[in-house]
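Close look at the chain arrangement
Listed below, chain by chain, are the residues.
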Protein chains: 2
Amino acid sequence: MSDTIRLTPSEVRTLAEGTLKHWGFGFDHVDAIAAMLATCQLDDCQSHGLFRLFMCIETARQGRAALAAEPVLTLDESAVVRADAGGAISLRAVQAGLPHLVERARRHGVAVLAVNHCYHFSALWPEIEQLTAQGLAAFSMVPSHAWVAPAGGTRGALGTNPLAFGWPRPAAPEPFVFDFATSAFARGEIELYARAGRPLPEGVALDAAGQPTTDPQAAMAGAMCTFGGYKGSALSIMVELMAGPLIGDLTSLDSMAHSQGQPEAPCHGQIIMAFDPERLSGGAQEESDARAERLFAEIGAQGARLPSQRRFAARARNLERGYVEISEALHRDLLALRD
Amino acid sequence: MSDTIRLTPSEVRTLAEGTLKHWGFGFDHVDAIAAMLATCQLDDCQSHGLFRLFMCIETARQGRAALAAEPVLTLDESAVVRADAGGAISLRAVQAGLPHLVERARRHGVAVLAVNHCYHFSALWPEIEQLTAQGLAAFSMVPSHAWVAPAGGTRGALGTNPLAFGWPRPAAPEPFVFDFATSAFARGEIELYARAGRPLPEGVALDAAGQPTTDPQAAMAGAMCTFGGYKGSALSIMVELMAGPLIGDLTSLDSMAHSQGQPEAPCHGQIIMAFDPERLSGGAQEESDARAERLFAEIGAQGARLPSQRRFAARARNLERGYVEISEALHRDLLALRD
């Protein structure tokens, strides 16, 4: 590839850490955010790797986010762990809450981590993979901003509302993991179409008048559609409810109002659930694992791919060769964030 | 309407109960199954109302289902309730487990009911509505038979795998509820197209060679597709894992093998989760309810419909007029089940 530069994993982290420190993020936040971006970059996920530093720094620049707030945990004997981020970026609060979520999932069979009052811009799968690495099944959802119209609607009311799930596979090199937006397109994809001047496919966006459009500029001024018609729309509403009001936090409509039109990351909550297959299978875990593996084998035998296979392949390749590649332009713009 | 007959709600139950008793179902099973069918019939859900008696009786006729087995509950201090149906129809086991699920969700904030070793043919929303009526959010999933191909695949590996969710709305006449198959079409819909000799829409089915088809007969010999492309496929795999191996029960592949080609209901497990909004919102339930209602109001203001609105309208109308309508042909065939 031309016009790219190579960074070792530790150079990726150092680049992120330096930028975050420069902008005043507290030590633990620098660590949690840089770890997330490096994990995504290692998987060649350009949209959620170092590129996300721009949104992160823009959020700092707006001056409303708490850059060094320590999360406040609420722990009791129940299966619910609360981590109040206190208006900081979500990642430090998630890291503080996860060990307690794991402990409670093992104790009760199922547990919920409610992360509250956080700015959120990250992928969900790295957190899911931390739970599958502990032998737990996991499920996570977040709202965002009200950019997505419900099926049959005319304007934004729902977030891009990603939904992520993981299943541990003790006998396989990687877990089963997916993490996708319930919008038909990611918002970043529409921006890419707009920049390239290419028309959108049918059925992914509405214009400002609520009419279907394939013009990416009109779509940016209008609303995105959910994937899968009324079913995807119902799921998106579920994400709003589970990751918002259920845990005492904002919907995407609330979050958009909170942002007052500023280009900062959405501010809301995140729900993470963990399930202990050993407890839930009633001691039949070995047989259950074998059943799951037979299903994965049948899917593979048909030539169908499991989700995340491209990411896992990129990770293996980048780990083996010892570097990731990013474009020189991105690298230059990232360095300029410290000016 | 011509060629229909009117049945009062109590006549619906009596018809179901008489048929179930005739075929040897135990008292508690008669009660649980008839209640489910009557609930669906009241909502004008023809596919899951009295019509389901055919599958129920066919399952009894095959002689492998336990018609009178009492469910065995496993209860401990954890957030997991197990209800082993012992090879009976699922509904009695669900009814036995639900009060304990409610109690544990209130105690721990979240709880799981694992229903095992059951024949399953019913809609999920009536069980979801029992939980929303207790002020809990709820989530349920079941596998079925391996009739559905994964995205990029060529043959059945996944079930129709419905996914149902409910959110209590204390201030509204009905809860927010959805219950849909993760297949693009319900299997019953394809049968209806086949009977009517109508071609299927594009993208819902494959033929026996794994090629896309619009011929409903070819689709019955081939496989259905999931809704929403690779995202719906990922969700369907999640349903397999959560409602199968996670709770120590069968996948749709296992269930299909178990049935040995006999026309009985699929035999597997069911997972039901309940969430206590009071605990999970950290005491902010009133504010959270208001946030959820603002979202519902915005969706309604756009002219978009919430899921289940048609069902709720049918229920209100049928309750008010005091009867449901079914076709004379269905009524005649149902009466013949006792011959």
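Rules used in this analysis
- Residues numbered from 1 in each chain as written.
- Chains lettered and ligands numbered in written order.
- Predicted model: local features only at pLDDT ≥ 70, side-chain atom pairs only at ≥ 80, totals over all residues.
- Heavy atoms only, no water.
- UniProt positions renumbered as here; feature names shortened; annotations may be inferred.
- Helix = DSSP H or I, 4+ residues; strand = E, 2+ residues; numbered from the N terminus.
- Rg over C-alpha atoms; globule rule 2.2 N^0.38 Å.
- Buried < 20%, exposed > 50% of the residue type's maximum accessible area, 1.4 Å probe, protein only.
- Contact = heavy atoms within 4.5 Å.
- Areas by Shrake-Rupley, 256 points an atom, 1.4 Å probe, with all protein chains shown as cover.
- Expected span 1.5 Å × (residues − 1).
- Core = buried A, V, L, I, M, F, W, Y, C linked by side-chain atoms within 4.5 Å.
- Domains from an automatic or database assignment.
- Buried area = accessible area lost by both parts, 1.4 Å probe.
- Salt bridge = Lys/Arg side-chain N within 4 Å of Asp/Glu carboxyl O.
- Pairing = 2+ DSSP bridges.
- Polar contact = N/O pair within 3.5 Å; in protein donor to acceptor, adjacent residues only side chain to side chain.
- Nonpolar A, V, L, I, M, F, W, Y, C, P; charged D, E, K, R; others polar.
- Phe/Tyr/Trp six-rings, centres within 6.5 Å; stacked < 30°, edge-to-face > 60°.
- Lys NZ or Arg CZ within 6 Å of the ring centre and 35° of its normal.
- Least-squares fit on C-alpha atoms with pLDDT ≥ 70 in both.
- Axes fitted to C-alpha atoms, helices over the stretch in contact; angles between N-to-C directions.

The name an unreviewed UniProt entry assigns to chain A is Ldh family oxidoreductase, from the organism Sagittula salina. Quoted verbatim from the Sequence similarities (unreviewed entry) field of the UniProt record, the comment on chain A reads "Belongs to the LDH2/MDH2 oxidoreductase family."

1. Examining the overall build of chain A
When you go through chain A residue by residue, the secondary structure sums to 13 helices and 11 strands. A compact globule built from 339 residues should have a C-alpha radius of gyration of about 20 Å, and chain A, at 20 Å, falls within 12% of that. In terms of its C-alpha atoms, chain A occupies a principal-axis envelope of roughly 55 × 45 × 45 Å. Buried positions account for 60% of the 339 residues belonging to chain A. Long-range pairs, those at least 24 residues apart, make up 68% of the contacts in chain A between residues at least 6 apart in sequence. Total accessible area on chain A is roughly 12,600 Å²; 52% of this is exposed by carbon and sulfur atoms.

2. Remarks on helix α2 (residues 27-42) of chain A
Residue and element names in this part refer to chain A. Over its 16 residues, α2 runs 22 Å from end to end, which matches the ideal 22 Å to within 8%, given 1.5 Å per residue. Of the residues making up α2, those classed as buried are H29, V30, A32, I33, A34, M36, L37, A38, C40, Q41 and L42. Looking one or two residues past α2, D44 carries a phi angle of roughly 60°, positive in sign.

3. Considering the nonpolar core
In terms of nonpolar packing, the biggest core is built from 214 residues, with F25(A), M141(A), F275(A), F25(B), M141(B) and F275(B) touching the most fellow members. Once residues lying within four places of it in the same chain are set aside, the contact partners of F25(B) are L20(B), V30(B), I33(B), C56(B), I57(B), A60(B), L67(B) and I89(B).

4. Comments concerning the domain arrangement of chain A
Residue and element names in this part refer to chain A. Under the domain assignment used here, chain A contains domain 1 (1-63 + 308-339) and domain 2 (71-183 + 226-306). Computed from C-alpha coordinates alone, the two centres of domain 1 and domain 2 are separated by 23 Å. Every contact between the two is made by 24 residues of domain 1 and, on the other side, 23 residues of domain 2. Taking both sides of the interface into account, the surface hidden between domain 1 and domain 2 amounts to around 2,100 Å²; carbon and sulfur atoms contribute 67%. At the junction of domain 1 with domain 2, the criterion picks out 3 salt bridges.

5. Focus on the pairing of strand β7 (residues 176-180) of chain B
Residue and element names in this part refer to chain B. Most of β7 is tucked away: 4 of the 5 residues are buried. Relative to β7, strand β6 (residues 163-167) runs antiparallel, the two sharing 5 bridges. Across the sheet, G166 pairs through a bridge with V177, a residue of β7.

6. A few points about unusual backbone geometry
Located in the positive-phi region is N161(A), a residue other than glycine, with phi close to 45°. With respect to the helices, strands and loops of the structure, N161(A) is situated in the loop between β5 (137-141) and β6 (163-167).

7. Section: the interface of chain B and chain A
Counting from both sides, the interface comprises 72 residues of chain B and, opposite them, 72 residues of chain A. Of the roughly 5,700 Å² buried where chain B meets chain A, counting both sides, 73% is carbon and sulfur surface. At the surface where chain B touches chain A, the tally comes to 8 salt bridges. One salt bridge in this structure joins D76(A) and R279(B), with 3.7 Å as the shortest N-O distance. Linking chain B with chain A are 22 residue pairs in polar contact (both at pLDDT 80 or more), by the criterion used here. Among the residues making up the side of chain B that touches chain A, the classes are represented as 43 nonpolar, 17 polar and 12 charged.

8. Considerations on the packing of aromatic side chains
All names here are of chain A. Considering all chains together, one arrives at 20 aromatic pairs over all chains under this definition. An angle of 55° between the planes, with centres 5.6 Å apart, marks the rings of F185 and Y193 as tilted. Taken as a pair, F185 and Y193 share a single burial class, namely buried. Over the ring of Y193 we find R198, and its NZ or CZ is 4.5 Å from the ring centre. The residue whose ring lies beneath R311 is F312, and the NZ or CZ to ring-centre distance is 5.1 Å.

9. Digging into the relation of the copies chain B and chain A
Expressed as a screw operation, the relation of chain B to chain A combines 0.0 Å of axial shift with a rotation of 180°, fitting to an RMSD of 0.0 Å. Taken together, the rotation and translation relating the two chain copies correspond to the operation of a two-fold axis. Of every C-alpha in chain B, the one belonging to G228(B) sits nearest the axis of rotation, 2.0 Å from it. Comparing interface residues between copies, 100% of those in chain B also sit at the interface in chain A, which points to an isologous, same-surface contact.

10. Focus: the sheet that holds strand β3 (residues 80-89) of chain A
Sheet strands pair by backbone hydrogen bonding; their relative direction is either parallel or antiparallel. All names here are of chain A. The sheet built from 7 strands is open, its strands ordered β2-β3-β4-β10-β5-β6-β7 with mixed pairing. With one partner strand each, in any of the chains shown, β2 (72-74) and β7 (176-180) form the two edges of the open sheet. Averaged over all neighbouring strand pairs, the angle between strand axes comes to 10°, with direction disregarded. Bridge count between β3 and strand β4 (residues 110-119): 7 bridges; the pairing is parallel. In the sheet register, I89 faces β4, and the bridge partner there is Y119. Set on the sheet, helix α4 (residues 90-108) makes contact with β2, β3, β4 and β10 (267-275); between it and β4 the angle comes to about 170°.

11. Here we look at the sheet that holds strand β3 (residues 80-89) of chain B
Residues and elements named next belong to chain B. Sheet architecture is open: 7 strands sit in the order β2-β3-β4-β10-β5-β6-β7, paired in mixed fashion. At either end of the open sheet lies a strand with only one pairing partner, and these are β2 (72-74) and β7. Shown here is a sheet whose adjacent strand axes are inclined to one another by a mean of 10°, direction ignored. In this sheet, β3 lies alongside β2 in antiparallel orientation, the contact comprising 3 bridges. Looking at the pairing, T74 lines up with R82 of β3.

12. Let's talk about the pattern of salt bridges
Residue and element names in this part refer to chain A. Throughout the structure, instances matching the rule amount to 44 salt bridges over all chains. The partner of R61 in a salt bridge is E58, with the nearest N and O atoms 3.5 Å apart. You can see R61 and its partner E58 sitting in helix α3 (residues 53-62), 3 residues apart, about one turn around the helix. A relative accessible area of 21% means that E58 is categorised as partly exposed.

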